[in-house]
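# Close look at the chain arrangement
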Amino acid sequence: MSRVLIIADHDGKRLGGGAARCVTAAGKLGAAEIHLAVLASPGGPIAAEAAQITGVSKVLVVERAENAHPLAAVLAPQVVKLAAGYEYVLAASNTFGKDLLPRVAGLLGVGQVSDLMSVEGPHTFKRPIYAGNAIITVESPADVKLVATVRTASFAAAAGGGSAPIEVVGTEAALPAHTRFVSLNAANNDRPELQSAPRVISGGRALGSAENFKIIYALADRIGAAVGASRAAVDAGYVPSDLQVGQTGKIISPALYVAIGISGAIQHLTGIKDARTIVAINKDAEAPIFEVADVGLIGDLFKIVPELTALLG
Amino acid sequence: MKILVGVKRVVDYNVRVRVKPDGSGVALDGVKMSINPFDEIALEEALRIRERGQATEVIAVAIGPEEVQTQLRSALAMGADRAILVKCDAAVEPRDVARTLLAVIGQEGIGLAILGKQAIDDDAGQTGQMLAALWDRPQVSFASKIDIKDGVAVAMREVDSGIETIEVDLPAVITSDLRLNEPRYIKLPDIMKAKKKPLAITDMATLGVSLAPQFKVLKTDAPPQRARGIMVKDVPELVAELKKRGVLS
């Protein structure tokens, strides 16, 4: 039976939402053991969160001082040491995993499956290409360690309530000094996290300004939703870049996604395809967003959104 | 300092690709091809660094068949000083791309490599980080701002929790995010000038790289389609519909 090592995503303080989804993906590999590695300093609080994910056999904590901030160049040599004895090395396909895992694969001298979206067999996987406009089935040799980032929108988060043992481990890996953390300008954390929120309200270019985006925030706050945005809205400076949903931003799978004033470029649609219910509000009846929407409403967003917010009060 | 920029020929981002009915891949015949948009951003950044006097030469490197010369000529027209085509007709996995670029880096004495953060065809997003690993140098992935000074690059990165700033010693690999810059338009005289710029053609064997593909693509499917939705006429109807579907209480 095989063993899976998942590298837990975190921002230095808290466990990210990707780890629990990777555990679900790992479960489909038919592995005997699923270990979750937390490389952080301090690692305790993050490891305690990780230990609660059901399905995890063990949490490994590597608490070197250099791990205070997740820098791929610093973490990768440690992951390589940890990875000995595992057939699979997984991490979430968010900026943490996308930064780290290809470096790990490079050091291990193997390839990588990016955005693994389904497990077809122990060595056969599906992943999207062309912004999700095609899905390929790829096979990796059974005797090569499989390094993969997991497309989190494709897997539900494993439930909490578990109590996996936590083991503090050391790695002897020599770490480079050529990469140094300077600062993190963190986004506003008062709202639900975009990547894991069950409801997301997104705004597009049609909002017209950062000021006007307030009506999106108001609606989101009214129903406890996270706020997202199209690339156009981010490029125009209405909202920070970490709100971008789409091929090059975040890929999400909320129960409810409301696209407001978003025309629906292919690159945006790829980020929302896994939403259970998509609602589109747009004044242009021809907007491509209506092709994927479950419920559409044509009209002026500046009238509709306040009315919707009021009605939901 | 010499800067290497990776250039990949991909299906133009405006094209909606179609999967072939027999599942053997996507239909590429007669489809418009362009430089991967992230690579254009990478190239633009390299040109700006050179224009600030912080680099001496920008070299555009591509791997692929003969036709990739078209994209390399565009890169030269944008302002790259010269180009290298590593001829290869087979599909090349990111790991082999990284190994090939590393060979070019060794040959050319590169001080900075700037690549796109992902190619919009395979969406793998691996090459830059793999190259940095093989080169044993720092990586800055998803860069949205780069400042170079005294052998150090200070860069902002777009990460899920906000904007991170890190500092790396050069040489390094940087991968470009969307908002790093806005690539310049190519003007006609530049296209004429580009025809005279050097474009060297080499191959894997000459660089001492042998392809070692790991993955086998068994089939290519079209994505599942969402069922056709409904239109509502006003806000109360919208709310009623969402309540009916159980997504709002």
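The residue count restarts for each chain, going from 1 along the sequence in the order it is written. Think of it this way: whatever chain is written first is A, whatever ligand is written first is 1, and the rest follow in order. Whole-chain, interface and lining totals are the exception, using all residues; otherwise, since this is a predicted model, local features are given only for residues with pLDDT of at least 70 and side-chain atom pairs are given and counted only at 80 or more. Based on all heavy atoms of the structure, the side-chain values leave hydrogens and waters out of the count.

### Side note on the overall build of chain A
Just so we agree on the cut-off: Note on conventions: DSSP H or I runs of at least 4 residues are helices, E runs of at least 2 residues are strands, and numbering of each starts at the N terminus. When we talk radius of gyration, it's over C-alpha atoms, and the globule rule is simply 2.2 Å times the number of residues to the 0.38. Only protein chains enter the accessibility calculation, which uses a 1.4 Å probe; a residue is then buried when its area is under 20% of its type maximum, exposed when over 50%, and partly exposed in between. Here, two residues are considered to be in contact whenever any of their heavy atoms come within 4.5 Å of each other. Here the Shrake-Rupley method, with its probe set to 1.4 Å, supplies the accessible areas, and only the displayed protein chains count as covering residues.
Regarding its fold elements, chain A presents 9 helices and 16 strands. Against the globule reference of 20 Å for 313 residues, chain A gives a C-alpha radius of gyration of 20 Å, in line with a compact fold. Put simply, chain A has 313 residues, and 61% of those count as buried. Here the analysis covers contacts within chain A between residues at least 6 apart in sequence; of these, 64% occur between residues at least 24 apart. Roughly 11000 Å² of accessible area belongs to chain A as shown, and the carbon and sulfur atoms make up 52% of that amount.

### Here we look at the side chain of S141(B)
This is how the line gets drawn: Polar contacts, as used here, are pairs of N or O atoms within 3.5 Å; protein pairs need one atom able to donate a hydrogen and one able to accept it. Residues neighboring in sequence count only if both atoms are side-chain atoms.
Considering the arrangement of structural elements, one finds S141(B) in strand β7 (residues 139-149). At 2.5 Å, the side chain of S141(B) and the side chain of D99(A) are in polar contact. Setting aside chain neighbours within four positions, we find S141(B) in contact with D99(A), Q129(B), R157(B) and T175(B).

### Examining the pattern of salt bridges
Selection criterion: Counted as salt bridges are all cases of a side-chain nitrogen of Lys or Arg within 4 Å of a carboxyl oxygen of Asp or Glu.
Under the defined criterion, the tally for this structure stands at 37 salt bridges over all chains. For R64(A), the salt bridge is made with E66(A), and the minimal N-O distance between the two is 3.6 Å. Residue classification places E66(A) among the partly exposed residues on the basis of a relative accessible area of 39%. With a shortest N-O distance of 3.9 Å, D221(B) and K126(A) are connected by a salt bridge. Residue D221(B) is found in strand β12 (residues 216-221), and its partner K126(A) is found in strand β7 (residues 124-129); the two belong to separate chains. A single salt-bridge network, built from bridges that share partners, covers R231(A), D235(A), E158(B) and R179(B).

### Observations regarding the domain arrangement of chain A
Residue and element names in this part refer to chain A. Cut-off, in case you're wondering: Reported domain spans reflect what an automatic or database domain assignment gives. Accessible area that two parts lose when put together, with a 1.4 Å probe and added across both, is what the buried area reports.
As far as domains go, chain A holds domain 1 (3-168) and domain 2 (199-311). Taking only C-alpha atoms, the centre of domain 1 and the centre of domain 2 are 30 Å apart. Contact with domain 1, which involves 8 residues of that partner, is made by 9 residues of domain 2. The largest share of the area that domain 1 buries against domain 2 comes from A131, R151 and A153, three residues that together contribute 66% of it.

### Let's talk about helix α5 (residues 214-222) of chain A
All names here are of chain A. The cut-off we apply is this: Our arc is simply the arc of the directions from the helix axis toward the C-beta atoms.
All of the buried residues in α5 are I216, Y217, L219 and A220. Relative to the axis of α5, the buried residues are bounded by an arc of 165 degrees and lie together on one face. Buried-residue contacts for α5 involve β12 (199-203), β13 (226-229), β14 (256-260) and α9 (301-311). Of the residues one or two after α5, G224 is the one with positive phi, at around 65 degrees.

### With respect to helix α1 (residues 18-27) of chain A
Residue and element names in this part refer to chain A. Burial runs high along α1: 8 of the 10 residues are buried. Taken residue by residue, α1 has G18, A19, A20, R21, C22, V23, A25 and A26 as its buried positions. Structurally, α1 contributes buried residues whose contacts are with β1 (3-7), β2 (33-39), β4 (88-92), β6 (118-121) and β9 (146-150).

### Re the interface of chain A and chain B
Threshold: Classification used: nonpolar for Ala, Val, Leu, Ile, Met, Phe, Trp, Tyr, Cys and Pro, charged for Asp, Glu, Lys and Arg, polar for all others including Gly.
Contacts between the two partners involve 90 residues from chain A, matched on the other side by 74 residues from chain B. Across the interface of chain A and chain B, roughly 6800 Å² is buried in total on both sides, 54% from carbon and sulfur atoms. Notably, a salt bridge pairs R226(B) with D294(A), separated by 2.7 Å at the nearest N-O pair. The tally of links between chain A and chain B comes to 42 residue pairs in polar contact (both at pLDDT 80 or more). The class makeup of the residues in the side of chain A that touches chain B is 45 nonpolar, 24 polar and 21 charged.

### Description of the packing of helix α4 (residues 95-108) of chain A against helix α4 (residues 127-135) of chain B
The following threshold applies: Axis geometry follows a simple rule: fit a line to the C-alpha atoms, using only the stretch in contact for helices, then measure angles between N-to-C directions, giving values from 0 to 180 degrees. Geometric relationships in this document are graded by angle, where less than 35 degrees denotes roughly parallel, more than 145 denotes roughly antiparallel, 65 to 115 denotes roughly perpendicular, and other angles denote oblique. In this scheme, a crossing is called left-handed if the near helix is turned counterclockwise away from the far one by less than a right angle; it is called right-handed if the turn is clockwise.
The contact between α4(A) and α4(B) brings their axes to 7 Å, and the two run at 45 degrees. Judged by the angle between their axes, α4(A) and α4(B) are oblique. When you trace α4(A) past α4(B), the crossing you get is right-handed. Contacts from K98(A), D99(A), P102(A), R103(A), A105(A), G106(A) and L107(A) of α4(A) reach α4(B) at Q129(B), M130(B), A132(B), A133(B) and L134(B). Considering only residue class, the contact of α4(A) with α4(B) consists of 7 nonpolar, 2 polar and 3 charged.

### Here's the deal with the pairing of strand β10 (residues 172-176) of chain B
Residues and elements named next belong to chain B. The condition is simple: For two strands to be treated as a pair, DSSP must find at least two bridges joining them.
Across the 5 residues that make up β10, a large majority, 5, are buried. Residue alternation in β10 divides its side chains into two sets, A172, I174 and S176 and V173 and T175, and both sets are buried. Of the strand pairs in this sheet, strand β6 (residues 112-116) and β10 are connected by 5 bridges, and their pairing is parallel. Bridging across to β10, L115 finds its partner in T175. Note that β7 and β10 share 3 bridges and pair parallel. Residue A143 lies in a different strand from β10, and its bridge partner there is S176.

### Details of the environment of Q112(A)
Residue position: Q112(A) is located in strand β5 (residues 112-116). By relative accessible area, which is 6% here, Q112(A) ends up buried. Expressed as a C-alpha distance, the spacing of Q112(A) and F302(A), which sit 190 residues apart in the sequence, is 45 Å. Setting aside residues up to four positions removed in sequence, Q112(A) forms contacts with L101(A), P102(A), A105(A), V147(A), A148(A), T149(A), Q126(B), M130(B) and F215(B). Side chain to side chain, Q112(A) and S114(A) meet in a polar contact 3.1 Å long.

### Section: the sheet that holds β2(A)
All names here are of chain A. Read from one edge to the other, the open sheet built from 7 strands follows the order β5-β9-β4-β1-β2-β3-β10, with strand pairing classed as parallel. The sheet terminates laterally at β5 and β10 (166-168), the two strands that pair on one side only. The sheet shows a mean angle of 25 degrees between the axes of neighbouring strands, taken without regard to direction.

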